[in-house]
Amino acid sequence: MTEPQNPSRRIFLRGAVATSAVLAAGVGTVPGAAAAPGGFPDYRYVKTLLTPSQLKYNPTGEIIFPCIRGTAGRIAGALGRYYLYYAPHDAPGGICLAYGDSLEGPFTEYPANPLVSRTWQPHYSVSHVSSPHVLWNEDAKEMWLYFHGENTTTRLARSKDGITFTYDKVVLSTSMLPAGSTEASYARVFAHDLPSRNARYVMLFMLNNTTNHRDIAWGWSPDGRNWTFDQTPLVRHSDVGAVNVGGPHLLTRNGSTYVVYNKDKESGGDLMITEVGNDFTRRQHLGVFYNSAAGAPDNGRSAAPSFGTQGGVPYMVYEAGERLAGSIAVARG
């Protein structure tokens, strides 16, 4: 695979809008980030971190949905400064871990992957589990893992060490959403105060229905376990001229809040950004956040971003390449 040499990726936003990147610990402000138009870091591809063919646990030849988390001050005796969670999507899936001391890698595959499999008795037995999102829950001093399987259901598991998880409960299913909902998956959860809703956490996820067009939906919770879900999408696919949108991530900067998400490849394959405001009442669609490269490894599609910083430098870890035929890459701001 030929990797692009210093590819240009710019953020094109309408107007001078305050923007953000997220710490590996969660939502936060990145100090010293080089500004692109609108104030965001201008992320540029650095390298590919994980390729399915190089992994010991590789049941399907594909991996998706990276989530990067720092371990310092959280996990005693951690295998590395950073834990990178990911998964195959197709059956049997499996929640996997790689670890390293730099956001630019190298990352070492955990030898006993998967951490969580498609069967966890007596809790569930499904065709696959995938899309790991791990939240450091400061109140519980635990890593909280949100993952889907089947595509109709998102579950929560909890861990003190980020490796051995205890099952908790179902936190989202299509039964909690409008009639005709067929998928509720790819969820990410963030600490975010919404006093008017008595909430301290926000969930973003991908919603599908019988029209087979995927939107971004959201919910809120006082504790990260018990949720209320808005019955209308946060970002509709039609809002940004896409067939499908997914892979949402919450960002904050300069007193406002934003959602970054991906379009399907046929609709451009880029990462887009919408300002929702701190109370989620705004819907200002700002355009392209990250322009996927035509060549490898993006091959016209970037998706499911996760953000971190190291030494004040912002990074974005993301899916690079066509869906179910890509790798995990890192870009630097």
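Look above for the structure.
This is a predicted model, so every value here is computed, not measured.

Each value, and the rule that gives it
- Residues numbered from 1 in each chain as written.
- Predicted model: local features only at pLDDT ≥ 70, side-chain atom pairs only at ≥ 80, totals over all residues.
- Heavy atoms only, no water.
- Core = buried A, V, L, I, M, F, W, Y, C linked by side-chain atoms within 4.5 Å.
- Buried < 20%, exposed > 50% of the residue type's maximum accessible area, 1.4 Å probe, protein only.
- Helix = DSSP H or I, 4+ residues; strand = E, 2+ residues; numbered from the N terminus.
- Contact = heavy atoms within 4.5 Å.
- Polar contact = N/O pair within 3.5 Å; in protein donor to acceptor, adjacent residues only side chain to side chain.
- Pairing = 2+ DSSP bridges.
- Axes fitted to C-alpha atoms, helices over the stretch in contact; angles between N-to-C directions.
- Salt bridge = Lys/Arg side-chain N within 4 Å of Asp/Glu carboxyl O.

Draft legend 1. The nonpolar core, seen in detail. Core analysis: the biggest nonpolar cluster contains 24 residues, and Tyr85, Leu115, Val116, Tyr124, Leu145 and Phe147 have the highest contact counts within it. Among the elements of the structure, strand 3 (82-87), strand 4 (96-100), strand 8 (130-137) and strand 9 (142-148) are those that each provide at least two residues to this core. Other than its neighbours up to four places away in sequence, Phe147 contacts Ile95, Val116, Tyr124, Val129, Ser130, Ser131, Pro132, Thr153, Thr154, Arg155, Leu156 and Ala157.

Draft legend 2. Structural view of the side chain of Asn244. The topology assignment puts Asn244 in the loop between strand 15 (228-229) and strand 16 (245-253). Residue class for Asn244 comes out buried when judged on its relative accessible area of 16%. A polar atom in the side chain of Asn244 sits 2.8 Å from the backbone nitrogen of Arg214.

Draft legend 3. Representation of the sheet that holds strand 18 (residues 271-275) in the model. One open sheet accounts for 4 strands, arranged 16-17-18-19; its pairing is antiparallel. Two strands in the sheet have a free side with no partner beyond their single neighbour: strand 16 and strand 19 (284-290). Between one strand and the next, the sheet's axes are offset by a mean angle of 30°, whatever the strand orientation. Examined bridge by bridge, strand 17 (residues 256-263) and strand 18 share 5 bridges and lie antiparallel to one another. By the bridge assignment, Tyr261 is partnered in strand 18 with Met272.

Draft legend 4. Structural context of the environment of Ala320. Relative to the helices and strands, Ala320 is located in strand 21 (residues 313-320). On the basis of relative accessible area, Ala320 is assigned to the buried category, the value being 2%. Along the chain, Ala320 and Asp298 lie 22 residues apart, while their C-alpha atoms are 4.4 Å from each other. Discounting residues that sit within four places of it in the chain, Ala320 has contacts with Pro297, Asp298, Arg301, Gly326, Ser327 and Ala329.

Draft legend 5. Region of interest: the sheet that holds strand 1 (residues 44-50). Sheet architecture is open: 4 strands sit in the order 1-22-21-20, paired in antiparallel fashion. In the strand order of this sheet, the two ends are held by strand 1 and strand 20 (302-310), each with one partner. Taken pair by pair, the neighbouring strands of this sheet meet at an average axis angle of 30°, ignoring direction.

Draft legend 6. Up close: the pattern of salt bridges. As enumerated under the stated definition, the model contains 12 salt bridges in all. Across the pair Arg225 and Asp168 runs a salt bridge, and its minimum N-O distance is 2.8 Å. A residue pair is termed long-range when its members are at least 10 positions apart, and Arg225 in the loop between strand 14 (215-221) and strand 15 and Asp168 in strand 11 (residues 166-173) qualify at 57 residues. A relative accessible area of 27% means that Arg225 is categorised as partly exposed. Take Asp168: its relative accessible area is 19%, and that puts it in the buried class. Note that Glu319 and Arg301 form a salt bridge whose closest N and O atoms lie 3.0 Å from each other. Of this pair, Glu319 sits in strand 21 while Arg301 sits in the loop between strand 19 and strand 20; the two residues are 18 residues apart in sequence, bridging distant segments of the chain. Side by side, Glu319 and Arg301 carry an identical accessibility label, which is buried.

Draft legend 7. Geometry of unusual backbone geometry. Between Gly105 and Pro106 the backbone carries a cis peptide bond, its omega angle lying at 5°. You can see Pro106 is positioned in the loop between strand 4 and strand 5 (108-109). With an omega dihedral of 0°, the bond running from Asn113 to Pro114 counts as a cis peptide bond. Relative to the elements of secondary structure, Pro114 occurs in the loop between strand 5 and strand 6 (119-120). One non-glycine residue, Lys141, adopts positive backbone phi at about 55°. Looking at the secondary structure, you find Lys141 in the loop between strand 8 and strand 9.

Draft legend 8. Quick look at the environment of Asp42. Counting through the fold element by element, Asp42 comes out in the segment before strand 1. Classification of Asp42 by relative accessible area gives buried; the value is 9%.

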